[in-house]
Amino acid sequence: ADNTLSVRYGINGISPAHIVARAIATIGVSAALFRDPLGLVNFDENFRLDLVAPRVGRRHLIYCLTRYQASHFSIKRNEAAALLGQLQTHLKLFSIVPFISDFIFPQAEEIIRVLKSLSSRHDVLAILVETDFTFDLPDSKDGWIGCFDVESKQVWSHSRKELLATPQKVRNYQHLIEERLKSEGIDVLRAGKELSDFQKNLVEFFIRRRIAPKK
């Protein structure tokens with residue numbers, strides 16, 4: 001689960017972190033109903049990790065959601081590739097591995113390679129969190145707007161025109177990420193801010209996977 005600083009920022013009372021938590025909760029309820037173990041691996045912008053060992057039950061699901069809200073990153077890493085070793089250690093048995101993220105970080109290509117490697121032993125899917133809405137900012141009369149990146153700590157200026165074009169740039173980028181994941185044989189489910197759409201898409205997604213012919 002993506003627990004980077006950027007998912008904590010939102011607009012109109014909702015952030016990408018809400019969507020990530022919703023995905024964890026939805027998958028977790030399904031696991032609890034079928035008495036399947038549920039584990040969680042959170043990662044931050046520096047790819048430090050917080051691991052919750054798999055367990056069964058709704059109380060454990062609540063604990064996972066609480067842990068997502070307040071992670072304790074005890075495993076320190078500074079590169080995306082380090083995820084592979086930790087996940088392989090964490091996943092001792094064949095597992096369904098939903099990777100929940102907006103993929104808006106410089107190491108996206110490394111993460112895709114990690115997921116491709118994991119897919120040789122596990123059932124890997126990507127839940128792509130749509131974040132274009134967080135860039136849908138009010139129009140400004142100013143010609144230049146100062147911007148601050150909470151993850152890289154960089155500061156720069158955008159023209160008014162550039163800033164207003166950002167939501168479409170994000171949509172284009174996430175479309176390319178989706179195509180890149182699919183090219184590696186990884187299923188992709190999009191998760192947006194609308195709850196009803198997410199639930200409908202999730203059910204349809206798993207029905208399609210269930211009836212799809214085996215490769």
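Let me sum up the structure you'll find in this document. Computed from a predicted model, the values in this text were never measured in an experiment.

1. Considering the pattern of salt bridges
Taken as a whole and assessed by the stated rule, the structure comprises 9 salt bridges. Between Asp132 and Arg171 there is a salt bridge whose closest N-O contact spans 2.9 Å. Here Asp132 is found in the loop between strand E4 (123-129) and strand E5 (144-148), whereas its partner Arg171 is found in helix H6 (residues 166-183), with 39 residues between them in sequence. A salt bridge links Glu204 to Lys200, with the shortest nitrogen-to-oxygen separation between them at 3.1 Å. Of the two residues, Glu204 and Lys200 are both situated in helix H7 (residues 195-211); the distance of 4 residues between them amounts to about one turn of the helix. With relative accessibility at 31%, the residue Glu204 sits in the partly exposed group. Looking at Lys200, the relative accessible area reads 47%, which means it is partly exposed. The network of salt bridges with common partners includes Glu130, Glu178, Lys182 and Arg190.

2. Topic: the environment of Gln69
Tracing the sequence through the fold places Gln69 in helix H2 (residues 58-69). Linking Gln69 and Ala31, residues 38 residues apart in sequence, is a C-alpha distance of 20 Å.

3. Observations concerning the pairing of E5
The alternating pattern of E5 places Ile145 and Cys147 on a buried face and Trp144, Gly146 and Phe148 on a face that is not buried. Note: E5 against strand E6 (residues 155-159), 5 bridges, orientation antiparallel. Within the sheet, the bridge partner assigned to Ile145 lies in E6 and is His158.

4. What about H6?
Side chains of residues three or four places apart in an α-helix project in the same direction, reflecting 3.6 residues per turn. Taking 1.5 Å as the rise per residue, H6 with 18 residues should run 26 Å; its terminal C-alpha atoms sit 26 Å apart, in good agreement. For H6, the complete set of buried residues consists of Thr166, Pro167, Val170, Gln174, Ile177, Glu178 and Leu181. Buried residues in H6, looked at end-on, bunch into an arc of 120°, giving them a common side. The exposed set on the far side of H6, more than 90 degrees from its buried face, consists of Lys169, Leu176 and Ser183. Considering only its buried residues, H6 is in contact with helix H4 (108-118), E4, helix H5 (160-164) and strand E7 (187-191). Positive backbone phi, at 80°, marks Gly185, one or two positions downstream of H6.

5. Examining a nonpolar patch on the surface
Residues Val29, Leu33 and Phe34 make up a contiguous nonpolar surface patch of roughly 330 Å² in combined accessible area. Position of Phe34 among the secondary structure elements: in the loop between helix H1 (16-33) and strand E1 (38-43). Phe34 sits in the exposed class, given a relative accessible area of 62%.

6. What about the sheet that holds E7?
Remark on secondary structure: sheet strands pair via backbone hydrogen bonds, oriented parallel or antiparallel. The strand order across the open sheet built from 3 strands is E3-E4-E7, with neighbouring strands paired in parallel fashion. Of all strands in the sheet, those bounded by a partner on one side alone are strand E3 (96-101) and E7. Averaged over neighbouring strand pairs, the angle between their axes works out to 25° when direction is ignored. Bridge count between E4 and E7: 5 bridges; the pairing is parallel. If you follow Val129 over to E7, its bridge partner there is Ala191. Sheet strands touched by H1: E3, E4 and E7. Its angle to E4, the strand with the most contacts, is close to 145°.

About the thresholds
Residues numbered from 1 in each chain as written. Predicted model: local features only at pLDDT ≥ 70, side-chain atom pairs only at ≥ 80, totals over all residues. Heavy atoms only, no water. Salt bridge = Lys/Arg side-chain N within 4 Å of Asp/Glu carboxyl O. Helix = DSSP H or I, 4+ residues; strand = E, 2+ residues; numbered from the N terminus. Buried < 20%, exposed > 50% of the residue type's maximum accessible area, 1.4 Å probe, protein only. Pairing = 2+ DSSP bridges. Expected span 1.5 Å × (residues − 1). Arc of directions from axis to C-beta. Contact = heavy atoms within 4.5 Å. Patch = residues over 30% accessible without salt bridge, like charges linked within 9 Å, V, L, I, M, F, W, Y side chains within 5 Å. Areas by Shrake-Rupley, 256 points an atom, 1.4 Å probe, with all protein chains shown as cover. Axes fitted to C-alpha atoms, helices over the stretch in contact; angles between N-to-C directions.

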